[in-house]
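Structural overview for review
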Amino acid sequence: HTPPVIADSSPTTSAEGQVRLVNGGNSSCSGRVEIFLRGQWGTVCDDNWDLNDANVVCRQLGCGRARSALQSAAFGQGSGPIWLDNVSCSGNEPSITDCRHPGFGIHNCGHVEDAGVVCEGKSNHPSIAYTAYPFWVA
Ligand SMILES: [Ca+2]
Ligand SMILES: [Ca+2]
């Protein structure tokens, strides 16, 4: 069972605080972490980037838990602003932008330090709806 995909090819419809993973090959659940803020997609610096931070991104995207938090532009260098640096998540935040950080766009990084994640994959919680009636009840 696959949930319906809402087609969104227009860059102008990206929502403030939206997160995406870029350049992860076939997987939509791995790649360079990018965040949409103030009308621009930007990246996350790898300073203090760890599994707690990666877990928030993976869960936010419905990709389960994080397998690894990657540093040093493992998925290539992004462009545009570096929106986050020194990200400090406890792991339970609903969104990466809810984690502690010095402020959007405040950093001492270059794109060679762009952060990435590898998540386990699609959410392991398929929406299987069991019928209330066993098959032998007419
Ligand atoms: Ca961190
Ligand atoms: Ca830093």
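Residues numbered from 1 in each chain as written. Chains lettered and ligands numbered in written order. Predicted model: local features only at pLDDT ≥ 70, side-chain atom pairs only at ≥ 80, totals over all residues.

- The protein chain is annotated in an unreviewed UniProt entry as SRCR domain-containing protein of Lates calcarifer.

1. Observations regarding helix α1 (residues 51-60)
- Within α1, seven of the ten residues are buried, which leaves the element mostly enclosed by the surrounding structure.
- Buried within α1 are the following residues: D53, A54, N55, V56, V57, C58 and R59.
- Residues of α1 that are buried sit in contact with β1 (19-22), β2 (30-37), β4 (66-70) and β6 (116-119).
- Looking one or two residues past α1, G62 carries a phi angle of roughly 70 degrees, positive in sign. (Buried ≥ 20, exposed ≤ 12 C-beta atoms within 10 Å, placed from the backbone. Helix = DSSP H or I, 4+ residues; strand = E, 2+ residues; numbered from the N terminus. Contact = placed C-beta atoms within 7 Å.)

2. Notes on unusual backbone geometry
- Backbone geometry places R38, a non-glycine residue, at a positive phi of 50 degrees.
- Inspection of the secondary structure puts R38 in the loop between β2 and β3 (40-44).
- Not every positive phi belongs to a glycine, and N48 is a case in point at roughly 60 degrees.
- Looking at the element boundaries, N48 is found in the loop between β3 and α1.
- A residue is classified by how many C-beta atoms lie within 10 Å of it, and N48, with 16 of them, is partly exposed.

3. Things to note about the pairing of β2
- In terms of burial, β2 is largely enclosed, as six of its eight residues are buried.
- As paired strands, β1 and β2 are joined by four bridges and run antiparallel to one another. Its bridge partner lying in β2, V19 is registered against I35.
- Alignment of β2 against β6, held across three bridges, turns out to be antiparallel. (Pairing = 2+ DSSP bridges.)

4. Remarks on the environment of F36
- Relative to the helices and strands, F36 is located in strand β2.
- For F36, a count of 17 C-beta atoms within 10 Å corresponds to the partly exposed category.
- Note: C-alpha distance between F36 and S14 (22 residues apart in sequence) is 7.0 Å.
- With near-sequence residues (within four places) excluded, F36 lies in contact with S14, A15, E16, G17, Q18 and W41.

5. A short note on the nonpolar core
- In terms of nonpolar packing, the biggest core is built from 25 residues, with V44, V57, C58, V117 and C119 touching the most fellow members.
- Where this core is concerned, the elements lending two or more residues are β2, α1, β4, β5 (82-84) and β6.
- If one sorts the elements of this core by residue count, α1 sits on top with four residues.
- If near-sequence neighbours (up to four positions away) are discounted, C119 is found in contact with C29, S30, C58, C63, G64, R65, A66 and R67. (Core = buried A, V, L, I, M, F, W, Y, C linked by C-beta atoms within 7 Å.)

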